[in-house]
Amino acid sequence: MAASAEAALQPHVPAAVVRSGEVVACSAVARAEGVRRGMRRRAAQGQCPELVVFDYDEVRDARFFEPVAAAVEELAPGIEVVRPGLVVVAARGPVGYYGSAEQAAERLVDHVAVRAEVEAQIGFADGLFAATLAAHRGLIVPPGKTREFLAPLGIHVLDQPAEGRAERAELVDLLRRLGLRTLGAFAAVPERDVATRFGRQAVLAHRLAAGLEERPRSRRKPPPELSVTQHFDPPVDRVDSAAFAAKGLAERLHTGLADRGLACTRLGIRATTENGEELRRVWRCADPLTPQGIADRVRWQLDGWLTRARLTSGIHVLQLDPEEVVDATALQLGLWPGAGQDQGEAAERAARAMVHVQGLLGPDAVLTPVLGGGRGPVERVRLVPWGDERTPAADPDQPWPGQLPAPSPATVFAEPEPVALLDESGADVVVTGYAELVVPPHRIVHGGQARRVVAWSGPWPVDERWWDKDAAMRGARLQVLGTAPDGGELAFLLIRAGGKWSVEGVYD
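Residues numbered from 1 in each chain as written. Predicted model: local features only at pLDDT ≥ 70, side-chain atom pairs only at ≥ 80, totals over all residues. Heavy atoms only, no water.

## As for the overall build of the protein chain
- Counting secondary structure elements, the protein chain contains 16 helices and 18 strands.
- In the protein chain, the proportion of contacts linking residues at least 24 apart, taken out of those at least 6 apart, comes to 54%. (Helix = DSSP H or I, 4+ residues; strand = E, 2+ residues; numbered from the N terminus. Contact = heavy atoms within 4.5 Å.)

This is how it looks when you write it as structure tokens:
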């Protein structure tokens, strides 16, 4: 549609868009003549000699699709443009507002037709992949029924030519030759077998076939007209003057967002000095920012810039950009005292102090640990800046064969420290290829202190990432309880790899 509109092509003329010699989109007239997505260019022209062929142009497509995305966003804030031609939005808001999925779909289709003068197709389902397929068919899939909807569909739907993923096309061809011709048949294969045989990309496709998400949905960057700017004459070079200006600017930003039913979760602060120096910092908050929250972050940031950045002149222009927005209903609290407030006053003061430190020293100055999936204690911990979304590096709910059993070490070293594990004669304790100790351990030496081993557990074999020669690791883990000469006991988590012992963690 975008290519035809740019070329002023008449609707009755068959048209197709080609990328790398393959049809990625075609008009309804072309489809009636037998042209299909995935066809080679020469085959499509042989099927329809009068076919008009356009080259793929993502910039053109995005330019013509923007009015559609803007029209959807007027009724459903917080959209994500997946690619030109496809937009996704959480259905809970529109469905709750208009009363049902059918009414929300009808309202969105009518609104897009009026504003953008195009006809849209809408589908509802759990997850982006299933919702896209539902939109192709104009279906509403009830919550919890996504896997049933996907099961009878052909395996070819995993390959979407518009995405341009060659590895997905090769996988679909291989699955067909193996006799897996539907999504349901592919989803029935255990995920472990898929990972072992086909690799990471196949696992992602397997998740889609099973009705799971390949990745979480993200937010669309708000339009630039939501930003607010203030010019200072004379330039501001004092923190108290900047703080006063920040309060008014924060109110303007919050009011503009509230008028659209939005609230900010990632705030961009941009400042330009009189001498042309440009400063920028993005603040991210787990909860939607209130006017006071915006003003605080601006004030703290300006404080850091004016006192730490060694500016050669005062701030001449200050701009606030809502980098990420959410539905403003997330700000609504309950009607009873204290409703919706999970933290006490002391915790709130501590949080404000940590944000203040970030303003002076940068976002990475305050980090919080997030526990995720993994086998060893080190790979399970991820450090994220204070206020960022606390997402683990790997899904902790997935099966992790060989995972260290509970309890976990109280102290975990970022890099395993060398340690000596000796037998009664003072020789190094060796582990066989079958993960068995050759002799019982008698003494452990760590940090220059020797302890007598009074008990141990294990060893457990470690055989990780055998398919990746650069990241593969083979060894064994062992838990050891040592007693110091003064009677104090300490438990260690040891790992033997490459013929050497190291300590990964210490149990208190």
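Let's pick the thread back up.
## Re the environment of alanine 134
- In this fold, alanine 134 is placed in helix H7 (residues 128-137).
- Look at alanine 134 and you get buried, because its relative accessible area is 0%.
- For the pair alanine 134 and glutamine 121, spaced 13 residues apart in sequence, the C-alpha to C-alpha distance is 9.2 Å.
- Discounting chain neighbours no more than four positions away, the residues touching alanine 134 are Ile122, Gly123, Phe124, Leu139, Val141 and Phe149. (Buried < 20%, exposed > 50% of the residue type's maximum accessible area, 1.4 Å probe, protein only.)

## Quick notes on the packing of helix H11 (residues 191-198) against helix H12 (residues 200-209)
- Orientation of H11 relative to H12, taken along the N-to-C sense of each, is 150°, at an axis distance of 7 Å. Taken together, the axis directions place H11 and H12 in an arrangement best described as roughly antiparallel. When you trace H11 past H12, the crossing you get is right-handed. Within the contact between the two elements, H11 uses Glu191, Val194, Ala195 and Phe198 and H12 uses Arg200, Ala202, Val203, His206 and Arg207.
- Residue composition of the contact of H11 with H12, by class: five nonpolar, one polar and three charged. (Axes fitted to C-alpha atoms, helices over the stretch in contact; angles between N-to-C directions. Parallel < 35°, antiparallel > 145°, perpendicular 65-115°, else oblique. Left-handed = near helix turned anticlockwise from the far one by under 90°. Nonpolar A, V, L, I, M, F, W, Y, C, P; charged D, E, K, R; others polar.)

## Side note on helix H6 (residues 101-116)
- Compared with the 22 Å implied by 1.5 Å per residue over 16 residues, the 22 Å span of H6 between its first and last C-alpha is a close match.
- Every buried residue of H6 is listed here: Ala101, Ala104, Ala105, Leu108, His111, Val112 and Ala116. Taken around the axis of H6, the buried residues stretch over an arc of 135°, which confines them to a single face. H6 presents Glu106 and Val114 as exposed residues on the side facing more than 90 degrees away from its buried surface. (Expected span 1.5 Å × (residues − 1). Arc of directions from axis to C-beta.)

## Points about the packing of aromatic side chains
- This structure, assessed with the given rule, holds one aromatic pair.
- Its end group placed over the ring of tyrosine 56, arginine 19 keeps NZ or CZ at 4.4 Å from the ring centre. (Phe/Tyr/Trp six-rings, centres within 6.5 Å; stacked < 30°, edge-to-face > 60°. Lys NZ or Arg CZ within 6 Å of the ring centre and 35° of its normal.)

## Comments concerning the confidence of the model for the protein chain
- Averaged over all residues, the pLDDT of the protein chain is 80; the fraction at 70 or higher stands at 88%.
- Throughout residues 215-220 the model reports pLDDT below 50, and contacts reaching past four residues in sequence, or to other chains, amount to 18 contacts.
- Scored below 50 in pLDDT, residues 330-344 makes eleven contacts in the model with residues more than four places away or belonging to other chains. (pLDDT = per-residue confidence, 0-100.)

## Quick look at unusual backbone geometry
- Cis geometry is adopted by the peptide bond preceding proline 234, which originates at aspartate 233 and carries an omega value of 5°.
- Note on placement: proline 234 falls in strand E6 (residues 228-236).
- Residue alanine 8 is not a glycine yet carries a positive backbone phi of 55°.
- With respect to the helices, strands and loops of the structure, alanine 8 is situated in the loop between helix H1 (2-7) and strand E1 (15-19).
- Classification of alanine 8 as exposed rests on a relative accessible area of 60%.

## Looking at a nonpolar patch on the surface
- A contiguous nonpolar surface patch, about 370 Å² in accessible area, is contributed by Leu367, Leu371, Val381 and Leu383.
- Of all the secondary structure elements, the ones that give two or more residues to the nonpolar patch are strand E10 (367-371) and strand E11 (381-385).
- You can see leucine 383 is positioned in strand E11.
- Here leucine 383 falls in the exposed class, since its relative accessible area comes to 54%. (Patch = residues over 30% accessible without salt bridge, like charges linked within 9 Å, V, L, I, M, F, W, Y side chains within 5 Å. Areas by Shrake-Rupley, 256 points an atom, 1.4 Å probe, with all protein chains shown as cover. Salt bridge = Lys/Arg side-chain N within 4 Å of Asp/Glu carboxyl O.)

## Here we look at the pairing of strand E18 (residues 500-507)
- Most of E18 sits out of view: seven of its eight residues are buried.
- With four bridges joining them, strand E12 (residues 411-418) and E18 adopt antiparallel strand pairing. Directly across from glutamate 417, in E18, lies its bridge partner valine 503.
- The pairing of strand E17 (residues 489-497) with E18 spans seven bridges and is classified as antiparallel. Bridge pairing in E18 places leucine 493 opposite glycine 505.
- Linking E17 to E18, which pair antiparallel, is a turn of two residues; within it glycine 498 sits at a positive phi near 65°. (Pairing = 2+ DSSP bridges.)

## Describing the pattern of salt bridges
- In total, this model carries six salt bridges according to the counting rule given.
- With its nearest N and O atoms 3.2 Å apart, the salt bridge here joins arginine 177 to aspartate 173. A residue pair is termed a helical-turn pair when its members lie 3 or 4 positions apart in one helix, as arginine 177 and aspartate 173 do in helix H9 (residues 166-177) at four residues.
- Among the residues examined, aspartate 173 registers a relative accessible area of 39% and is labelled partly exposed.
- Linking aspartate 428 and arginine 496 is a salt bridge whose minimum nitrogen-to-oxygen distance equals 3.1 Å. With aspartate 428 in the loop between strand E13 (420-422) and strand E14 (443-446) and arginine 496 in strand E17, the pair connects residues that are 68 residues apart, well separated along the chain.
- On the basis of relative accessibility, which here comes to 11%, the residue arginine 496 falls in the buried class.

## A few points about the sheet that holds strand E16 (residues 473-483)
- On the basis of which strands lie adjacent, the open sheet formed by seven strands has the order E12-E18-E17-E16-E15-E14-E13 and antiparallel pairing. In this open sheet, the two strands that pair with only one neighbour each are E12 and E13. Strand-to-strand twist of the sheet, defined as the mean angle between neighbouring strand axes without regard to direction, takes the value 35°.
- Across ten bridges, strand E15 (residues 449-464) lies against E16 in antiparallel orientation. Residue pairing in the sheet places tryptophan 456 in a bridge with valine 480 of E16.

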